[in-house]
Each structure stands twice: as structure tokens, then as C-alpha cells.
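Descriptive analysis of the structure
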Amino acid sequence: MISFKLSAHFHHYLNALRGENKRIGFIPTMGALHQGHLSLIQASKTENDITVCSIFVNPTQFNNADDLKNYPRTIEKDLELLTSVGCDVVFIPDVKEVYADKADYAFDLGVADKVMEATHRPGHFNGVINVVKRLFDLVQPNKAYFGQKDFQQCLVIKKMVDHYAMPVELVFCATTRETDGLAMSSRNMRLSTEERQIAPYIYKVLQGAKTQFADTSPYELKNWVSHELLKQPMLELEYFDVCDAATLSPLQSWDDAQNIVACIAVHLGPVRLIDNILLK
Ligand code: AMP
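Keep in mind the model is a prediction, meaning the values are calculated, not measured. (Residues numbered from 1 in each chain as written. Predicted model: local features only at pLDDT ≥ 70, side-chain atom pairs only at ≥ 80, totals over all residues. Heavy atoms only, no water.)

Quick word on empty space enclosed by the protein
Throughout the structure, instances matching the rule amount to 2 cavities of 30 Å³ or more. Taken as a whole, the largest cavity encloses approximately 870 Å³ of empty space. M30, H37, K149, D150 and Q153 are, among the 49 residues lining the largest cavity, the residues nearest its centre. Only β2 (24-29), α2 (35-47), α7 (124-139), β5 (143-147), α8 (151-163), β8 (260-268) and β9 (271-278) provide two or more residues apiece to the lining of the largest cavity. Here the element with the most residues in the lining of the largest cavity is α7; it accounts for 6 residues. Of the residues that constitute the lining of the largest cavity, the class distribution is 24 nonpolar, 18 polar and 7 charged. In this structure, the second largest cavity is lined by K149, L182, A183, S185, N188, I202, L273, I274 and D275. Counting residues per element, the lining of the second largest cavity draws most heavily on β9, which supplies 3 residues. (1 Å grid on protein atoms, 1.4 Å probe; cavity = no way out; pocket = protein on both sides within 12 Å on 5 of 7 lines; lining within 4 Å. Points joined across faces, edges and corners; volume = space filled by probe spheres on them. Helix = DSSP H or I, 4+ residues; strand = E, 2+ residues; numbered from the N terminus. Nonpolar A, V, L, I, M, F, W, Y, C, P; charged D, E, K, R; others polar.)

Printed below as a string of C-alpha cells:
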């Protein structure tokens with residue numbers, strides 16, 4: 001695996017590969033890699049000639065200074081993991097390298113910027129767009145891979161690609177889970193032993209919601225989830241929303257959408273965890 005810190009060298013190297021008609025698959029990450037990230041690398045390996053990963057803890061998408069400061073950084077282990085799954089190229093820039101220009105890529109994201117993560121993390125998606133736009137411009141991938149664990153982010157990236165008419169195919173991959181159901185996340189490594197034992201309850205509640213949603217209304221389902229979470233006092237619910245999976249518009253009735261996603265954010269000790277499940 002070859003690694004780059006400087007945008008110019010990285011760009012030059014990929015240009016040469018593109019000149020040889022190599023198909024490039026790209027996976028942007030913030031590091032502290034786990035099997036969820038590796039599943040995206042593996043998907044890219046099967047569909048492209050060259051797989052490129054970036055590791056960059058993007059300051060502009062953090063709305064909380066402590067969260068940024070405490071975000072896990074495990075670069076040595078990340079490089080070992082990427083090598084073990086056969087990633088070809090890794091880009092590990094510093095902040096100045098990514099934000100060398102002063103552009104602000106901002107456009108109207110519509111509903112996607114008015115619900116759930118957008119409401120609770122103001123400016124988060126502006127930061128996501130600003131980093132992914134710059135990385136896409138640099139890498140110019142044929143395909144880029146994202147995890148459905150960040151369901152709202154997938155929709156926002158799709159809107160960005162449409163807005164700027166970027167010639168990249170997006171691939172959204174299923175959430176990789178621990179055997180007890182907890183969605184893998186870099187933030188999980190900050191959980192204490194006790195918190196780690198409680199965390200799988202989040203996905204159990206989502207599965208419970210899926211089992212019974214058709215017999216309730218969206219309003220009743222939200223109440224049920226709030227009530228279930230009260231049974232684990234260490235879990236503090238930030239939001240549970242049921243939305244049209246295509247637009248993220250919140251639903252008043254199950255008939256209002258063809259595909260429905262239920263999304264949740266919960267605080268557990270010092271960590272904020274998100275997860276989701278497709279209801280329909
Ligand atoms: P992050 O490093 O958290 O920014 O994540 C980088 C990419 O990996 C994003 O597209 C995430 O959605 C994806 N990802 C994170 N966790 C998982 C998971 N458990 N399963 C699948 N993809 C994931």
C-alpha cells in the first residue's frame with residue numbers, strides 16, 4: 001500500500017493511474033478503522049482496479065470541540081488493517097492540506113438539513129460536504145463507498161453529487177454489526193465495559209420497532225421507543241424519527257412513503273451513538 005500526505009503528490013499519482021484507464025474506488029473515513037470500514041474497502045476491491053482510502057478527522061463537521069478532541073485516533077493500527085485487506089492507496093492529509101482554499105461549498109439541502117442529525121449537530125452536513133467535495137475533486141473516483149449506518153449522510157452526499165453533477169457512482173453499503181447487534185462505530189471504543197454491555201439495547205429497540213410498526217401510528221411508535229429506552233437509565237434518547245427513506249421527511253402516516261427508515265441517536269456516557277433500521 002502506498003500512502004500520501006500531500007494533495008499534489010496524491011493527485012499526480014492517481015492521474016497517472018486514470019491515464020492507464022484504471023477504475024478507482026474511494027472510501028473516505030475518519031480513521032479508527034473497524035470491520036464496518038473494511039467492508040467498504042472490500043466492496044470497492046471487488047468492483048475497481050484501485051482502491052483508495054482517506055483518513056482525515058475533519059474538524060469542520062464537528063460541532064462539539066470535546067467530541068473532536070476525543071475522537072479516537074489509531075493511525076498505526078489503521079494502516080495495518082488497510083494493508084491486511086489489500087487497500088492500494090491511503091491519503092492521510094493534515095488540515096491545511098485539505099483546506100488549502102477558502103471555498104465554502106454550500107447549497108440548499110432541503111429537508112435533509114432540517115431533521116435529525118442536522119437539527120442536533122448544526123453545521124455538521126456543511127462540514128461533511130466541504131470535505132467530501134474536496135476529496136472527490138482530488139481523487140475523481142469512478143465509485144465511492146459509504147455506510148448506511150450514516151443514513152442521512154448518504155442522502156446528503158447523493159444531493160451533493162447531483163448538485164455539482166459529479167461523475168461518480170455512489171455505493172451505499174449495509175451496516176456492519178457486532179454479534180450482539182451493536183452497529184460498529186469508531187466511537188464504540190470510548191465506551192466503558194458497562195456501557196458496552198448496554199449499547200446493544202439500542203438495536204434491540206429498533207428491531208422491536210420494526211416488528212410492531214404496522215400495528216401502530218408513527219406517533220405511537222415514537223412514544224413506545226421513548227418508553228423502552230427509559231428502561232435503561234444510562235441511555236439518554238436524543239431523537240427517534242420515522243422518515244420517508246427517499247427524502248427524510250418525517251411521517252405522519254405509514255402510507256406517506258414507499259420506503260421507511262427509523263433513525264435514532266442516543267447518548268451513553270461520554271459517547272453519542274446513532275443507528276437506523278429500514279421499517280419498510
Ligand atoms: P467514519 O470514519 O465514521 O466517517 O466512516 C467512514 C465511512 O464508513 C462512512 O461512509 C460510514 O458510514 C462508514 N461506516 C461507519 N461505520 C460503519 C458500519 N458499522 N458499517 C458500515 N459502514 C460504516
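Comments concerning the layout of surface pockets
In this structure, the largest pocket occupies an estimated 280 Å³ of space. In terms of residue count, the dominant contributor to the lining of the largest pocket is helix α3 (residues 65-70) (3 residues). Considered class by class, the residues forming the lining of the largest pocket number 2 nonpolar, 5 polar and 7 charged. If you add up the space inside the second largest pocket, you get close to 200 Å³.

Overview of the pairing of strand β6 (residues 169-173)
Where β5 meets β6, 5 bridges bridge the pair, whose relative direction is parallel. Bridge pairing in β6 links Y145 to V171. This β-α-β element, β5 to α8 to β6, shows right-handed connectivity. (Pairing = 2+ DSSP bridges. Right-handed = clockwise from strand over helix to strand, strands pointing away.)

Some words on the site of the ligand
If you check the shell around the ligand, you find 16 residues, and the closest are M30, H37, D150, T176 and M184. Look at the ligand: alone it shows 480 Å² of surface, and the protein chains cover 92% of it. If you map the ligand onto the pockets, it falls in the largest cavity. Listed by contribution, the elements that provide at least two residues to the shell around the ligand are β2, α2 and β5. (Near = heavy atom within 4 Å. Areas by Shrake-Rupley, 256 points an atom, 1.4 Å probe, with all protein chains shown as cover. Sits in = over half its atoms within 2 Å of the grid points.)

Things to note about α2
Helix length check: α2, at 13 residues, gives a terminal C-alpha distance of 19 Å against a target of 18 Å (1.5 Å per residue), a fit within 8%. Looking only at α2, the buried set comprises G36, H37, L38, L40, I41, A43 and S44. Where α2 is buried, its residues touch β2, β3 (50-55), α4 (75-84), β5 and β6. (Expected span 1.5 Å × (residues − 1). Buried < 20%, exposed > 50% of the residue type's maximum accessible area, 1.4 Å probe, protein only. Contact = heavy atoms within 4.5 Å.)

What to know about the sheet that holds strand β1 (residues 2-4)
Read across the open sheet, the 6 strands follow the order β1-β4-β3-β2-β5-β6; overall the sheet is parallel. Each edge of the open sheet is held by one strand with a lone partner, namely β1 and β6. Each strand axis lies, on average, 25° off the axis of its neighbour in the sheet, ignoring direction. Sheet topology places β1 next to strand β4 (residues 89-91); 3 bridges connect them, and they run parallel. If you follow F4 over to β4, its bridge partner there is F91. Along the sheet, α8 makes contact with β5 and β6, crossing β6 at roughly 175°. (Axes fitted to C-alpha atoms, helices over the stretch in contact; angles between N-to-C directions.)

A short note on the packing of aromatic side chains
Evaluation of the coordinates by the stated rule reveals 10 aromatic pairs. Centre to centre, the rings of F26 and F136 are 6.2 Å apart; their planes meet at 70°, and the pair counts as edge-to-face. Highlighted residues: F26 in strand β2 and F136 in helix α7, separated in sequence by 110 residues. Grouping residues by exposure puts F26 and F136 together as buried. A ring pair is formed by Y105 and Y164, whose centres lie 5.9 Å apart and whose planes are at 90°; its orientation type is edge-to-face. Note that Y105 is positioned in the loop between α5 (95-98) and α6 (117-120) and Y164 in the loop between α8 and β6, a separation of 59 residues in sequence. Among the aromatic residues, those joined into a cluster by ring pairs are F4, F10, Y13 and F91. (Phe/Tyr/Trp six-rings, centres within 6.5 Å; stacked < 30°, edge-to-face > 60°.)

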